[in-house]
Amino acid sequence: LGLGVLVGTIRSSGGRLPLTPVVVSLALLATTVATVASADHAQRTAEVELEARSALTAAELDAVTRHAIARLDDLAVGVRAARRPEHGAFDVLARRIMPESPFAAIGYVLRVPHDRAADFERQRGVPITERPRERAPLLPALVRTVHFPAVRSAGATGGLFAPGVDFISARPWIARTARDA
C-alpha cells in the first residue's frame, strides 16, 4: 500500500516527490498499528463471546439436569408410595413425567439378591440376564451379590430395560450408586 502511494505520487507530480518517504512510512506504520490493534480487539471480543456462550451453555445444562432430577424424584416418590409399582403405578407416573424429561427412556428395576434370582425367574417368567457391551447379545447374568433386573420401562429403551435385563450391574459406576441407594 505504501509503495503504491509512493509510486503514484511520483508519477502524478512529474517525477517530483511532494510527499517525503518519511511521511509515507509514518502513514504505513499507522495503518499497520491500526490493523494489529483491530485484530487484537477482534480476538479479545471473540474470546469474551466464547466465554459467555460457554457459561450460558453450562447454565442451560445445569437447569435441564436439575429439572430431570426433579422429574425422577417425582417418579421415585410416586413409585415408592404404590404397593406394586410394576403393576401400573410406574406406567401412569412415567407417562406424566416422560414428556417433561430430557431422558429418552426410564426403567424400573428391582434389587434382587443373587440367592433370590431363581425366585425372580419363577415369579416373572424371565431369567436375569445382562448385556456385557452395547449391541452384544443377552447372556445369563454373572454371579453377583445383588442384581438389578428391569421389570418396567417407558420411552425408547432399545431393549435396555427389557424384562429381566440387568443393565446396571455390568457398569460399575452405576452399580455402586444403585447398591448405595
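Treat the numbers as computed from the prediction; the structure is a model and nothing was measured. (Residues numbered from 1 in each chain as written. Predicted model: local features only at pLDDT ≥ 70, side-chain atom pairs only at ≥ 80, totals over all residues. Heavy atoms only, no water.)

(A) View of the overall build of the chain. When helices and strands are tallied, the chain shows five helices and six strands. Going residue by residue from the N terminus, the α and β elements of the chain occur as α-α-α-β-β-α-β-β-β-β-α. Evaluated residue by residue, the chain yields a buried proportion of 25% over its 181 residues. Expressed as a percentage of contacts within the chain between residues at least 6 apart in sequence, the contacts between residues at least 24 apart total 53%. Accessible surface, the chain: about 12400 Å² in total, of which carbon and sulfur atoms supply 61%. (Helix = DSSP H or I, 4+ residues; strand = E, 2+ residues; numbered from the N terminus. Buried < 20%, exposed > 50% of the residue type's maximum accessible area, 1.4 Å probe, protein only. Contact = heavy atoms within 4.5 Å. Areas by Shrake-Rupley, 256 points an atom, 1.4 Å probe, with all protein chains shown as cover.)

(B) Representation of the nonpolar core within the structure. Counting 13 residues, the largest nonpolar core has Phe90, Ile106, Leu110, Phe120, Ile128 and Ala154 as the members making the most contacts within it. Taken together, the elements giving at least two residues each to this core come down to α3 (89-97), β1 (105-109), α4 (117-124) and β6 (150-155). Counting residues in each nonpolar core, the second largest holds five residues, with Val146, Phe148, Ile168 and Ala178 among its members. (Core = buried A, V, L, I, M, F, W, Y, C linked by side-chain atoms within 4.5 Å.)

(C) Main features of the side chain of Asp166. With respect to the element layout, Asp166 can be found in the loop between β6 and α5 (172-180). Of the buried charged residues, Asp166 lacks a salt bridge, with Arg144 as the closest side chain of opposite charge at 4.8 Å. Among the polar contacts listed, one links the side chain of Asp166 to the side chain of Ser169, at a separation of 2.6 Å. (Lys, Arg positive; Asp, Glu negative; His and termini not counted. Salt bridge = Lys/Arg side-chain N within 4 Å of Asp/Glu carboxyl O. Polar contact = N/O pair within 3.5 Å; in protein donor to acceptor, adjacent residues only side chain to side chain.)

(D) Structural detail: the environment of Ala105. In this fold, Ala105 is placed in strand β1. Given a relative accessible area of 18%, Ala105 falls into the buried group.

(E) Up close: the side chain of Glu130. With respect to the element layout, Glu130 can be found in strand β3 (residues 129-130). Of the residues examined, Glu130 reaches a relative accessible area of 5% and is grouped as buried. A polar contact is formed between the side chain of Glu130 and the backbone nitrogen of Leu142, at a distance of 3.5 Å. Aside from chain neighbours lying at most four places away, what touches Glu130 is Pro137, Leu138, Leu139, Pro140, Ala141, Leu142, Arg144, Asp166 and Ala170.

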